[in-house]
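# Structure at a glance
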Amino acid sequence: TLFDAVAHGQRKLNDPGGLPDGLQTLYRDLIERSVNQGLLDWPREYAPVLGILSVARESLSLAQLQAFSGLGERWVWTALADMQMLIEEIPALSGSSPWVSRWRLYRQALINYLLSPRLKFSGLEVLNRFYLPPEEWHLRILHFYLGPNMDWGNLDWQRVDEYAVRHLVDHAVAAAKLEGIDQVY
């Protein structure tokens with residue numbers, strides 16, 4: 001079992017490559033089936049929505065997903081619908097508009113899968129076709145608030161919401177892992 005492997009030092013819980021083969025296969029098959037049966041394209045529509053959700057520090061509204069991904073409402077809505085086996089909807093409070101619902105990925109193990117460039121299946125290491133480089137999605141969130149030049153001096157205060165107040169610095173630190181991104185500080 002996974003717990004035995006961790007106890008014997010064969011796997012680490014915080015290692016995405018340490019997901020059990022069955023779980024990696026399950027996530028790959030669910031995503032592949034959703035992409036193949038869906039209406040959208042993985043790199044252009046599904047990846048941005050799942051990428052943003054994979055680095056989000058809390059559940060996000062439809063408007064936030066649109067803003068951060070750069071996709072229109074129809075595309076985000078379709079991606080959410082097609083990937084609903086992987087995404088949890090946090091319903092709006094009773095009496096609220098359905099547009100106030102928020103979304104997040106179901107499990108941390110799914111996030112680990114999406115953020116892992118390589119996977120191990122039966123001892124063999126393979127490239128993850130559905131890898132979503134985390135820095136790319138942190139940068140998308142930063143670009144929404146700071147603009148393409150990543151200039152904190154030109155922060156658009158009209159766009160600063162509670163999410164930005166709570167998490168913008170976290171996204172900047174995470175994005176700074178990319179080579180040559182000094183200006184996020």
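For the structure itself, look to the data block above.
Here we summarise the structure given alongside this text. Predicted model, so just to flag it, every value in this text is computed and none were measured.

### A closer look at the layout of surface pockets
Looking at the largest pocket, its volume works out to about 200 Å³. In this structure, the largest pocket is lined by Ser-54, Val-55, Ala-56, Arg-57, Gln-108, Ile-111, Leu-115, Pro-134, Glu-135, His-138, Ala-174 and Lys-177. Listed by contribution, the elements that provide at least two residues to the lining of the largest pocket are α3 (42–55), α6 (108–114) and α7 (134–146). Looking at the lining of the largest pocket element by element, the count peaks at three residues for α7. Across the lining of the largest pocket, the residue classes tally to six nonpolar, three polar and three charged.

### Remarks on the nonpolar core
In terms of nonpolar packing, the biggest core is built from 50 residues, with Ile-31, Trp-42, Met-83, Ile-87, Leu-114 and Tyr-145 touching the most fellow members. Non-local contacts of Leu-114, meaning those with residues more than four positions away in its chain, are made with Ile-31, Trp-42, Leu-50, Leu-105, Asn-128, Phe-130, Tyr-131 and Leu-132.

### Comments concerning the pairing of strand β4 (residues 118–121)
Burial along β4 is one-sided: Leu-119 and Phe-121 are buried, while Arg-118 and Lys-120, pointing the other way, are not. Pairing between β4 and strand β5 (residues 124–127): four bridges, direction antiparallel. Within β5, the residue paired with Lys-120 across the bridge is Glu-125. Between β4 and β5, which pair antiparallel and follow one another directly, the connecting turn spans two residues, one of which, Ser-122, has a positive phi of 50 degrees.

### Examining the sheet that holds strand β2 (residues 87–90)
Strands sit in the order β1-β3-β2 across an open sheet of three strands; the sheet is antiparallel. In this open sheet, the two edge strands, each paired with only one partner strand, are β1 (60–61) and β2. Pairing of β1 with strand β3 (residues 102–105), which is carried by two bridges, proceeds in the antiparallel orientation. If you follow Ser-61 over to β3, its bridge partner there is Arg-102.

### Re the packing of helix α4 (residues 62–69) against helix α5 (residues 73–82)
Between two packed helices, what matters for the description is the angle formed by their axes and the separation of those axes. Relative orientation of the contacting elements α4 and α5 amounts to 110 degrees, with a least axis distance of 9 Å. Our classification of the angle between α4 and α5 gives roughly perpendicular. Between α4 and α5 lies a crossing whose hand is right-handed. Judged by residue contacts, Leu-62, Leu-65, Gln-66 and Ser-69 of α4 engage Glu-73, Val-76, Trp-77 and Leu-80 from α5. Among the residues forming the contact of α4 with α5, the class breakdown is five nonpolar, two polar and one charged.

### Considering α7
Each α-helix winds once per 3.6 residues, and so residues spaced three or four apart point in a common direction. Between its first and last C-alpha, α7 extends 18 Å over 13 residues, near the 18 Å set by a 1.5 Å rise per residue. Most of α7 is tucked away, with 10 of its 13 residues classed as buried. Every buried residue of α7 is accounted for by Pro-134, Glu-135, Trp-137, His-138, Leu-139, Ile-141, Leu-142, Phe-144, Tyr-145 and Leu-146. Residues of α7 that are buried in the fold lie against α3, α4 and α8 (162–175). Phi for Gly-147, located one or two positions after α7, is positive at around 85 degrees.

### Here we look at the packing of aromatic side chains
Given two aromatic rings, one states the distance between the centres and the angle between the planes to describe the pair. Going through the model one piece at a time under the given rule, you end up with seven aromatic pairs. An angle of 55 degrees between the planes, with centres 5.7 Å apart, marks the rings of Phe-68 and Tyr-145 as tilted. A residue pair is termed long-range when its members are at least 10 positions apart, and Phe-68 in helix α4 and Tyr-145 in helix α7 qualify at 77 residues. Relative to Tyr-145, the ring of Phe-144 lies with its centre 4.9 Å away and its plane at 80 degrees, an arrangement referred to as edge-to-face. Note on Phe-144: relative accessible area 18%, which makes it buried. Between Arg-74 and the ring centre of Trp-75, over which it is positioned, the NZ or CZ distance is 4.0 Å.

Rules and cut-offs
- Residues numbered from 1 in each chain as written.
- Predicted model: local features only at pLDDT ≥ 70, side-chain atom pairs only at ≥ 80, totals over all residues.
- Heavy atoms only, no water.
- 1 Å grid on protein atoms, 1.4 Å probe; cavity = no way out; pocket = protein on both sides within 12 Å on 5 of 7 lines; lining within 4 Å.
- Points joined across faces, edges and corners; volume = space filled by probe spheres on them.
- Helix = DSSP H or I, 4+ residues; strand = E, 2+ residues; numbered from the N terminus.
- Nonpolar A, V, L, I, M, F, W, Y, C, P; charged D, E, K, R; others polar.
- Core = buried A, V, L, I, M, F, W, Y, C linked by side-chain atoms within 4.5 Å.
- Buried < 20%, exposed > 50% of the residue type's maximum accessible area, 1.4 Å probe, protein only.
- Contact = heavy atoms within 4.5 Å.
- Pairing = 2+ DSSP bridges.
- Axes fitted to C-alpha atoms, helices over the stretch in contact; angles between N-to-C directions.
- Parallel < 35°, antiparallel > 145°, perpendicular 65-115°, else oblique.
- Left-handed = near helix turned anticlockwise from the far one by under 90°.
- Expected span 1.5 Å × (residues − 1).
- Phe/Tyr/Trp six-rings, centres within 6.5 Å; stacked < 30°, edge-to-face > 60°.
- Lys NZ or Arg CZ within 6 Å of the ring centre and 35° of its normal.

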